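One-letter residues, chain by chain:
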Amino acid sequence: MHPILARFERLAAYLASWFTIGILVALVITRQGLSWPEALVLVLPPLLVYAFVCLSAWYVCRAMPLTSGLPALLTASIAAAAFAGGFWMALSQTWIGILESLPALGATTERFREQSPYLLVVAVMLFLLVLSLHYVVLAFEAFRAAEHQQLELQVLSRDAELRALRAQINPHFLYNSLNSISALTSGDPGAARRMCLLLADFLRTTLHMSTLDQISLQDELTLADRFLSIEQVRFGSRLRVERHVDEDTTACRVPPLLLQPLLENAVAHGIAGLVDGGVIRLEIHRDRDRLTIAVENPRDVDAPWPTRGGVGLDNVRRRLAVVFGVNAQMEAVATPGRFRVMMSLPWGTDG
Amino acid sequence: MADMQTPPLRVAIVDDEPLARAVLREYVASDPAIEVVAECANGFEAVKAVAELRPDLLLLDVQMPKLDGFEVMELVGRDVAVVFTTAYDEYAIRAFDIHAVDYLLKPFSADRLRAALDRARERIGRQEPPPGAGLSTRTPGTPSHRVLVRDGPKVHVIPVEKIDYVQAQDDYVCFRSEGQDYLKDQTLAQAEAALDPARFVRIHRSYLLNLHSLTRVDVDARENHVAVLTDGHRLPVSRAGYARLTSRLQP
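Enquirer: It is not clear to me how the sheet that holds strand β7 (residues 338–346) of chain A should be interpreted in this structure. Could you clarify?
Expert: Think of a sheet as strands paired side by side through backbone hydrogen bonds, with each pair either parallel or antiparallel. All names here are of chain A. Pairing within the open sheet is mixed, and its five strands lie in the order β2-β4-β5-β7-β6. The sheet terminates laterally at β2 (239–245) and β6 (329–335), the two strands that pair on one side only. Going from strand to strand, the sheet's axes swing by 10° on average, the running direction of each strand aside. Note that strand β5 (residues 290–298) and β7 share nine bridges and pair antiparallel. Considered in β7, the bridge of P298 is made with R338. Across the sheet, helix α10 (residues 259–269) lies against β2, β4 (278–287), β5 and β7, angled at about 15° from β5, the strand it touches most.

Enquirer: Please explain helix α5 (residues 110–125) of chain B as it appears in this structure.
Expert: Because each turn of an α-helix spans 3.6 residues, side chains separated by three or four positions in sequence point in the same direction. Residues and elements named next belong to chain B. The end-to-end C-alpha distance of α5 is 22 Å, a good match for the 22 Å that 16 residues give at a rise of 1.5 Å each. Listing the buried residues of α5 in full gives L113, A116, L117, A120 and R121. One side of α5 holds all its buried residues, which, seen down the axis, span an arc of 140°. Relative to its buried face, α5 has exposed residues pointing more than 90 degrees away, namely D111, E122 and G125.

Enquirer: In this structure, what is going on with the sheet that holds strand β12 (residues 207–210) of chain B? I would like to understand it.
Expert: Residues and elements named next belong to chain B. One open sheet accounts for five strands, arranged β10-β9-β8-β12-β11; its pairing is antiparallel. Unpaired on one side and paired on the other, β10 (180–184) and β11 (200–204) mark the two borders of the sheet. Averaged over all pairs of adjacent strands, the angle between their axes in this sheet comes to 25°, without regard to strand direction. Two elements, β11 and β12, share four bridges in a ladder whose sense is antiparallel.

Enquirer: What is the right way to read the packing of helix α7 (residues 171–187) of chain A against helix α8 (residues 189–209) of chain A from this model?
Expert: Pairs of packed helices are described in terms of their axes, by the angle between the two and the distance that separates them. All names here are of chain A. Across the interface, α7 lies against α8 with an axial gap of 7 Å and an inter-helix angle of 155°. One element, α7, and the other, α8, form an angle in the roughly antiparallel class. Classified by chirality, the crossing of α8 by α7 is left-handed. Note on element contacts: α8 touches α7 through P189, A191, A192, M195, C196 and L199, opposite S177, S180, I181, L184 and T185. In terms of residue class, the contact of α7 with α8 is built from eight nonpolar, three polar and no charged.

Conventions we followed
- Residues numbered from 1 in each chain as written.
- Chains lettered and ligands numbered in written order.
- Predicted model: local features only at pLDDT ≥ 70, side-chain atom pairs only at ≥ 80, totals over all residues.
- Pairing = 2+ DSSP bridges.
- Helix = DSSP H or I, 4+ residues; strand = E, 2+ residues; numbered from the N terminus.
- Axes fitted to C-alpha atoms, helices over the stretch in contact; angles between N-to-C directions.
- Contact = placed C-beta atoms within 7 Å.
- Expected span 1.5 Å × (residues − 1).
- Buried ≥ 20, exposed ≤ 12 C-beta atoms within 10 Å, placed from the backbone.
- Arc of directions from axis to C-beta.
- Parallel < 35°, antiparallel > 145°, perpendicular 65-115°, else oblique.
- Left-handed = near helix turned anticlockwise from the far one by under 90°.
- Nonpolar A, V, L, I, M, F, W, Y, C, P; charged D, E, K, R; others polar.

In C-alpha cells, the structure reads:
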C-alpha cells in the first residue's frame, strides 16, 4: 500500500504542502504582471491534480531501491521526471484551453501561455522533490520494520532464556539420589521404592512447571517439600526444616522454580558442610502488595567461601529481572555461620 | 582373586552420607579379602582413623564437612592409598594428579568397585611408593585460606591471616601462629606456592613472612637487616629478601 495514500492524515498533510507550494508559485507569477486571482486560478487547480500524479514516484522508489547504485538511480529519476513533466504540459495546456474558452478571462489568456516554460521547470523540480520525499519515507519505514523485528527477537530470546534457565536440574542431585536408592535397594526395598516415587514425582513436576509462566505459590511449596523429602533420605537427621509460611500467601502467582534453587543451595552449601547438619528456615510473608520469601541456612564457620555456589542464585536473580524488571529485588547476606537469601516480588493472584 | 595366604585388604570407608557408606559396606561384605576397619563420617575422623588404624586403602568421598577428600589426602596421602567415590566428575584430573588408585562415580556397581579394589591390591602388592604427603592438591592459582597441619590423629586448621611466618626446618616447615609452632612435612617452596603472594614474602632462604605481622626492619651490628614482628620476634632478612620486601612495601 502507498505510504501516503494509506493514511488520511498523511494525504491531508501532503495536499496541504502542495497547496502552500501552489500559493508560493502564484505569488512568483504575480511579478510577471498577473493579478492575484488570475495567478491562483492559473496555478492551483492543475497543481493539485499534478500532486496525485507525483504520488506515482513511490513506484519508482520501489522499482529502484537506494541500493541500486547511483547511475541507475539517476537514470530512473530523470526518466520519471521527464514523464511527469510531459504529463504536466498536457495538464496545464488543457487547463489554459479551458480558461481561454471562458469569456471573462479572454483578455488575459495570452499572458497565461507565457508562463508555461517557467511552470514546466517548477513542475519537474517538484516531482524530483516528491521522489526524494518518498525515498525518505521508505527508508524510515524500513528502519521501523527492523526495529520491530529486533524487539520481536528480544522477546523470543527472552522466552528461550527463561526456558533454559528453568530447566536446570542439578545432575549431582540426581546422581546422589540414585546412589541413595542403590543403597536402599537391598536393606529397605520399601524405602527404595518410596524414594523412586518421590524422585519421579519431583522430576515430572519440575519439567511440567518449567513450561509454565506462572504457578501458585502452593505448587511451588509442594515441589519444595518433595525436594526436601528426597534430600532428607540422603542427609537423615542432619537436615531439618522450619517453615513460617503465612497461610494467605499460598494463592499468590509466582514464576515457577524460584524457591527450589534456594533450598538446593541451602542444602548443598549449608547443611552438607556441617557435621551435625542444621535447620533451614523458610519464611514467606505478604506485605500489602509485596510477597517476601526468605531462606536461611547455617554454614560451617571455617568453610571456604563457596566458589561453585552462585549458579543457582544467579539463575533466580536473572529470572526475576527478566520477569519483573526493577519490580523485584533479591539479596543474599552472608554472616559468619549463616547465609540468608531474601527476595521481594509483586503480589498477584488470578482474577 | 587374592589367595588365602595374603592378608585381607584393610579398608576405611569415608562418606558423610550414611546410605553411601551402607552401599559400600554391602558391596564389600561378601569379599573375605576385604576387611572394613573404620567408617568415618567426615575428614577429621578419616585422618584419625589413618593415624590410629593404619588402613591400606581409603574409600573416600570428596565433598564432606570440615575437610574435603583432597584435604584428607594432603594430610595422610603418604600413609594410605585412595579410591575416590563421588557424584562429581570434575575432580577426576586432580584425583589422578595425586595418584589416586581409582575414581568411582556414584552410583557405581559392585563390579566396578571390585575392579577398583583389585587395582588397589595390585598397587599395594607392588609396594609402589605412595605419592607423599604435602603434595599440593589445590587448584593452581587460588591461594588457600587455611593451612592444615596433622598432629598424629589430630588436625589443626590454621587460618592464613593468623600465620606470623613460616620457617624451613630440615624436612619440615614450621608454621608460627598465635605463639604456637605447627610442623608440617612439606618444603618451604610448597608452602609458599600454596599461600597468597600478596600477603607472604620470602624474606630469607628459610623464612616466609606474613606482611601483616611486620612492624619494622632494623639493621643489626653486622649490617644485616632484621625483620621485627608485632610480637617482638626478630627474623633475619637476606639481601634478596630485603629487595623483595622493599619492592612490596613501596607503592
